[in-house]
Amino acid sequence: MSRLAGRPGRGLAVICASALSTQSGAAVGSLAFSSLTPVGVVAARQVVAATVLLALARPRFWRFTRSQWSPVLLLALFFAGMNTALYAALERVGLGTAVTIEFLGPLAVAVLASRRPRDGLCALMALTGVVLLTRPGPTSDLVGLGFAVLAAGCWAGYILTNRVVGQRLDGVQGVAMGTAISALGLVPIAAVIVWHLQPPVEAFLFAAVAGVLASAVPYSLDLIVLRHISPVVFGLGMSLHPLFAALIGALFLHQLLPVVAWLGIVLVVLSNALTLGGGSRPRVRGR
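The notes below deal with the structure included here. None of these values were measured; they are calculated from a predicted model.

This paragraph deals with the packing of aromatic side chains. One pass over the structure, following the stated rule, counts five aromatic pairs. Aromatic pair F79 and Y158: ring centres 5.4 Å apart, planes at 35°, arrangement tilted. Of the two residues, F79 sits in helix α4 (residues 66-93) while Y158 sits in helix α8 (residues 142-168), which places them 79 residues apart along the sequence. As far as burial versus exposure is concerned, F79 and Y158 are alike and both buried.

Spelled out as structure tokens, the structure:
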């Protein structure tokens, strides 16, 4: 792994592969929305994520204290809210738009924690980009945009809560348990949906593939690379998520965007790259 530290290009390539896998998983999962609903797809994704993380972390949850359980439970709430809101937004406003708005969450946390004037300008750039992307008006899907904003807020809450979890628990035990609890909370809802809608077999296949691509693969790649790359490389790689989401949405889901919307996405990508690239060394992220 030390090779990654000396060769930022390789580290960036791994981060980009993780981003592509995440957004490809979301695209595949969206194919099951009509028969399984976004909640059902998210439940499958969280089950896969929990299985991977529990196997990696092997948390000794029976030894958790009350002060450790409280942020873990809050983390589970943010996990469920973040992913459910994102997929609900994806269904209504498209992959590129939903993911771009969601990335205002970590950007807001970084900007509010920074004292650099440059980050304030980055925030204005990102807001300008979102306006160009969404072009608010009477025909805008305000519910879909609201879900995307909710996903951004949950992601910001996840980041802040995960800092507390990281201080009180070693490794990724807290993230693993938070993911598992969020999956346990979503599975009964998904079971009711399956009982009433009787989705076809391919819907479960799409959901399972989404879980692998959007959870198992990114988690594995992140565990390999995040401890061996600089914050600049991490910030650049993370900032490319909205761009990859828009490209995958256009190529595979036929969610075509006008030129002005692409300009908005580029502004958000640049603002994220400049802001997140100047932070502290990243941790393994739970998504």
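Quick look at the packing of helix α6 (residues 104-112) against helix α13 (residues 259-276) now. For the pair α6 and α13, interaxial distance at closest approach is 10 Å and the crossing angle is 45°. Classified by the angle between their axes, α6 and α13 sit oblique to one another. In this structure, α6 crosses over α13, and the sense of that crossing is left-handed. Here P106, L107, A110 and V111 of α6 come into contact with α13, specifically with S271, N272, T275 and L276. Of the residues in the contact of α6 with α13, the class split is five nonpolar, three polar and no charged.

Relative to the 26 Å expected for 18 residues at 1.5 Å per residue, α13 spans 26 Å between its end C-alpha atoms, a close match to the ideal helical length. Along α13, the positions that sit buried rather than exposed are A261, G264, I265, L267, V268, V269, S271, N272, T275 and L276.

Each value, and the rule that gives it
Residues numbered from 1 in each chain as written. Predicted model: local features only at pLDDT ≥ 70, side-chain atom pairs only at ≥ 80, totals over all residues. Heavy atoms only, no water. Phe/Tyr/Trp six-rings, centres within 6.5 Å; stacked < 30°, edge-to-face > 60°. Helix = DSSP H or I, 4+ residues; strand = E, 2+ residues; numbered from the N terminus. Buried < 20%, exposed > 50% of the residue type's maximum accessible area, 1.4 Å probe, protein only. Axes fitted to C-alpha atoms, helices over the stretch in contact; angles between N-to-C directions. Parallel < 35°, antiparallel > 145°, perpendicular 65-115°, else oblique. Left-handed = near helix turned anticlockwise from the far one by under 90°. Contact = heavy atoms within 4.5 Å. Nonpolar A, V, L, I, M, F, W, Y, C, P; charged D, E, K, R; others polar. Expected span 1.5 Å × (residues − 1).

Treat this as a map of the structure, not an account of what it does.
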